Amino acid sequence: MKELFNRLSVSKKLIVINIIVVVSALLLATGVFVSIERTAVRERIINELVSHTQVIAYNVAASVAFDDAVTASEILASLQSIPQIQESLIFNADGDIFAEYVATNAEEFSGGYSEIKSGRLQWPGSHAPTVVFSNEGIFVHSQIDLDNEVIGSIYIRSSLAQFDAFKSRAMLIVGVVLCVTFIISLLILSRMLRLVSDPIMHLKKAVSTVRKDKNYAVRVHKFADDELGHLTEAFNGMLEELGERDAELNRHYLELEAEVEDRTSELQAANISLEETVKALKQANRAIRISEENKKVAEESANAKAQFLATMSHELRTPMNGVLGMLSLLSETGLTNDQEHYVGVAYESGNLLLELLNNVLDLSKIEQGKMVLEHIPFDISDAIEDVFAIVGESAYSKGVELAYVFDDRLPTMVLGDPTRFKQLVFNIVGNAIKFTSRGYVKLGYAVTEESEKIVRIRFEVEDTGVGIREEVREKIFETFSQADSSTTRKFGGTGLGLTLCRQLTHLMDGGIGVESEEGKGSTFWFDVSFTPEMPSSHDQTLNGGQLKPMTLLVVDRNDTSAAALKAYFDHYYVKLDIVSDSEELYSTLESKVSSGGGYDGLIINLAIGFEEASRIILSEDVQCCIKLSQILLTGSLNDRNRAKEDKVLLNYQFLVKPLRRRYVRECVLRLQGLNEELNSVEPIVVRATADIKKILVVEDNWINQQVAQGRLESMGFDVSLAANGEEALTLLEQRVFDLVFMDCQMPVLDGFQATRRFREKELASACRTPVIAMTAHVMAGDREACMRAGMDDYIAKPFKTGEIIKIMERWIGD
Amino acid sequence: MAVLVALSLPVRSAIAEIDAPDKLKAAYILSFAKLISWPQDVLPSKNANLVFCAAASESLTNELRNHSGKSIQGHRVQIVALGKRGDSLGCHIVYIDPQHSFRWFERVKRMKGQLWVGEEEGFINKGGVINFYIDGEKLRFEISVEHAKNSSLDISSRLLNLAKIVDSVKGGAKQ
């Protein structure tokens, strides 16, 4: 039933519900009405019958009293006018039947009289008639009395015809009313239902249209502002959204399609070109394979060559060290002048050969990618000044002015590899000096790029040498080439220096180049980059507050030299007035003095000549105005040595060129009256130590052993020798040494392992013997490895007396 | 139809002497009282007795006396035996049997509110109101409406329906 109902449409459901409600309401109403009416009808029928009975009873009373049955029967016969009365009986006082009436149309009914007999009809008391209403009929029994004396009774039986008529009429009315109501409610419902079902049907139709045609433009008419109206609105809104989305999807789809088409055609085109390319590539590949094989062969042979060269250089260096060591020992053995000269030439030649070997070794290292740069803080100016100190004498001996134009505005402290940087400067400046016979060589620098991470500095070395022809300018940086092969004969040099410089500048992320005019000189430039470093506290700058402003008079004909002097003194807040000869000097001095001023000092470059310098110093103008202590001479170390033999110039302060900030600073302090020695030259003095120190040299190479032994014994040490780590450990167990020189690369047991074992054994005893590593070439990684193994310091081979003294002072000095 | 039959019967049996049980007659007489209304002045209140006077045989009088004390129309029934006395004053119903009728009608005059009941032929003509007669086996009675009116008595139609109505004036005058 429920399933059947569920299958109905909404409108049919509504109809069914409405009909059920209407019919049940109607049935209830009519049922109540009919039952009320039925009771009323029954009452009426009974009352009617009772009243008939009483009339008859009254009329028949006399007949009963006078025993007149005939009259009684006649009276009873009057009941004929009431058709529903079927039977009537009159009883006398004794209860016997007195008179009787049976309707002509009476139905056969047996139980009439027995009703009274059986006691179903009670003898009525107090005048009220007894009524029985049953399905068989209506029975009334009433007494008959005359003047309050009961003289008999009457019984009447009536059929239910009246009641049945009422019932059928009621049924008919109910049926008709039901039918009419049913039809009317159906009519009304079918009208009203459309208010509800129409929107639903519209919605349903719209939904199926949308589903079937995918037509999102459909809109449903809104009928009323009820839930269905809201549903319709929501549906419309949803459709709109769906439509938009659909349109968007369509658009996307179309775009995609177009794109796919485009791509496809592009791909086809690309495919075609790709096929062509592949064809070409195959051919190219074949060619490349062939050339690659060739290249491989070439590379292998080049590598082998480089390897051979490196090995050769290394192997050559050891005997070279031996030669040089022995030659320097020989020169200290009190030779004749001629002998000393021969030994000197031999030593210089050996040195040149060693330099050549070192360059070859460096180049091959760089080419094999084995060169690793250090990354430690150093002062650029110090490095340059160090190099200038080395090469200075060779320039000044030729009469070439060597100047470093110091600029205190530039950063000097950087992080980098000072050794390689010095090598670079040494090679370029050395090269410039080599090809310059008069004039000057000047180095200046400028920062081209500066940030927190990088500082790039461009150095320029200007000379007044022979210059380089344009067509060979690039060639000079190539291996073993010089501008003119004849120059080698004339100026010497290996031709490897510039090549090494180019490789070094590349390593330092820079470049190198040259500008030149043949016959007038060249300017070599190179730029390298460092990591910036904060300047250290021990700056050699003087506090400006400490100094009083000074003005010095300078006699110098060389502009380069004057410029360098000016730059250095500027750094210490000293002003220089430069004059070029004695005439100018006197006039300048005179005008200065006459204007009430004076100079705080006089600097004379000995390049003007010793005689003129003496003349100037001894002149009245100078003598009157400038104190003896305020006169400074400047020149090369050689000049200084010569000045010491001059009876006039002997007494004056000397500022050695090439200039160093250290020298200038001391000089300025002296002029200021602050007592500080003008220490121009580092004394290289062999110092005899009081008690004899025991030294162990561990070295596998016999030549090196001999060199080391000779040098150390000449310095007054007791030297023992060991050929490898094992021997050294044995000796160290037997005897106590003050210091150990340990070679790193040795057969049997190398220096690192030997040191490590020695340190382990040494842990037991309280003392610690310093171990100094001896390395052929100090590399960035080597030193760290030495320190890790437990060594204390290192020294580069071949030994130089100065370095040995430094080591001795540091580790076993007083 | 019964009336017609009743009308014809007395003519046939008028001569025959009425010989009916006295008990039935007494009951009839009492029933007559139930169906007749007396004038207000004769029977003024409920306290007044309804006086039955009998100028009849001892047996009938005794039968009437059995009903004495009963209540009819709210009045107590009182039975008075007249005997040979002709004084009927105070009587509401007087029964006169044939033995007493001769002397009765000689000295007694009609009285207002007095119902005369008899049982002989010609009783109505003599001035009676209700007269018994035998119709076959059945005791029946005849009534003179005129005489009743003369006596100021109102007889119920229910009683009249059962009786043979006789026109005593016409009939009596002619005879």
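Please refer to the structure placed before this passage.
Residues numbered from 1 in each chain as written. Chains lettered and ligands numbered in written order. Predicted model: local features only at pLDDT ≥ 70, side-chain atom pairs only at ≥ 80, totals over all residues. Heavy atoms only, no water.

A.B. asks: Is there a simple way to think about the pairing of strand 8 (residues 138–143) of chain B in this case?
C.D. replies: The side chains of a regular strand alternate between the sheet's two faces. Residue and element names in this part refer to chain B. Of all 6 residues that make up strand 8, 5 are buried, and the element is covered over most of its length. Where strand 7 (residues 130–135) meets strand 8, 6 bridges bridge the pair, whose relative direction is antiparallel. Note that in strand 8 the partner of tyrosine 133 across the bridge is arginine 140. Linking strand 7 to strand 8, which pair antiparallel, is a turn of 2 residues; within it glycine 136 sits at a positive phi near 70°. Relative to strand 10 (residues 164–165), strand 8 is paired through 2 bridges, and the arrangement is parallel. Counterpart to isoleucine 143 in the pairing with strand 10 is isoleucine 165. (Buried < 20%, exposed > 50% of the residue type's maximum accessible area, 1.4 Å probe, protein only. Helix = DSSP H or I, 4+ residues; strand = E, 2+ residues; numbered from the N terminus. Pairing = 2+ DSSP bridges.)

A.B. asks: Got a minute to help me understand the side chain of Ser720(A) in this structure?
C.D. replies: Residue and element names in this part refer to chain A. Mapped onto the fold, serine 720 is located in strand 19 (residues 718–722). Within the structure, serine 720 has its side chain in polar contact with the side chain of arginine 735 (distance 3.2 Å). When near neighbours in sequence (up to four residues on either side) are disregarded, serine 720 contacts Ile695, Leu696, Val697, Arg735 and Phe737. (Polar contact = N/O pair within 3.5 Å; in protein donor to acceptor, adjacent residues only side chain to side chain. Contact = heavy atoms within 4.5 Å.)

A.B. asks: Is there a simple way to think about the sheet that holds strand 19 of chain A in this case?
C.D. replies: Across a sheet, strands are paired by hydrogen bonds formed along the backbone, either parallel or antiparallel in direction. All names here are of chain A. As summarised here, the arrangement of the 5 strands in space is 19-18-20-21-22, forming an open sheet in which the pairing is parallel. Each edge of the open sheet is held by one strand with a lone partner, namely strand 19 and strand 22 (793–796). The average undirected angle you get between the axes of adjacent strands in this sheet is 25°. The pairing of strand 18 (residues 694–698) with strand 19 spans 5 bridges and is parallel. If you follow valine 697 over to strand 19, its bridge partner there is leucine 721. Along the sheet, helix 19 (residues 725–734) makes contact with strand 18, strand 19 and strand 20 (739–743), crossing strand 18 at roughly 160°. (Axes fitted to C-alpha atoms, helices over the stretch in contact; angles between N-to-C directions.)

A.B. asks: What is the right way to read the packing of helix 13 (residues 582–594) of chain A against helix 14 (residues 610–618) of chain A from this model?
C.D. replies: When two helices pack together, you describe them by how their axes are tilted relative to each other and by the distance separating the axes. All names here are of chain A. Interhelical geometry of helix 13 versus helix 14 gives an angle of 20° and a closest axis separation of 11 Å. As far as their axial angle goes, helix 14 and helix 13 are roughly parallel. Seen along the crossing, helix 13 lies across helix 14 with a hand that is right-handed. Here Ser582, Leu585 and Tyr586 of helix 13 come into contact with helix 14, specifically with Glu612, Arg615 and Ile616. The class makeup of the residues in the contact of helix 13 with helix 14 is 3 nonpolar, 1 polar and 2 charged. (Parallel < 35°, antiparallel > 145°, perpendicular 65-115°, else oblique. Left-handed = near helix turned anticlockwise from the far one by under 90°. Nonpolar A, V, L, I, M, F, W, Y, C, P; charged D, E, K, R; others polar.)

A.B. asks: Help me understand the side chain of Asp577(A) in this model?
C.D. replies: All names here are of chain A. Considering the arrangement of structural elements, one finds aspartate 577 in strand 14 (residues 574–579). For aspartate 577, a relative accessible area of 18% translates into the label buried. A polar contact of 2.5 Å, which involves the side chain of aspartate 577, links it to the side chain of tyrosine 599. Apart from the residues lying within four places of it in its own chain, the contact partners of aspartate 577 are Thr551, Leu552, Leu553, Val554 and Tyr599.

A.B. asks: Would you take a moment to explain the layout of surface pockets for this structure?
C.D. replies: Over the atoms, a rolling probe the size of a water molecule traces out where space has been left empty. Within this model, the second largest pocket holds a volume of roughly 830 Å³. Taken together, 32 residues make up the lining of the second largest pocket; nearest its centre are Ala65(A), Leu24(B), Ala27(B), Tyr28(B) and Ser31(B). Listing elements by their share of the lining of the second largest pocket, those giving two or more residues are helix 2 (10–65) and strand 5 (149–158) of chain A together with helix 2 (22–34), helix 3 (58–66), strand 3 (71–72) and strand 8 of chain B. In terms of residue count, helix 2 of chain B provides more of the lining of the second largest pocket than any other element does, 7 residues in total. For the lining of the second largest pocket, a count of residues per class yields 15 nonpolar, 6 polar and 11 charged. (1 Å grid on protein atoms, 1.4 Å probe; cavity = no way out; pocket = protein on both sides within 12 Å on 5 of 7 lines; lining within 4 Å. Points joined across faces, edges and corners; volume = space filled by probe spheres on them.)

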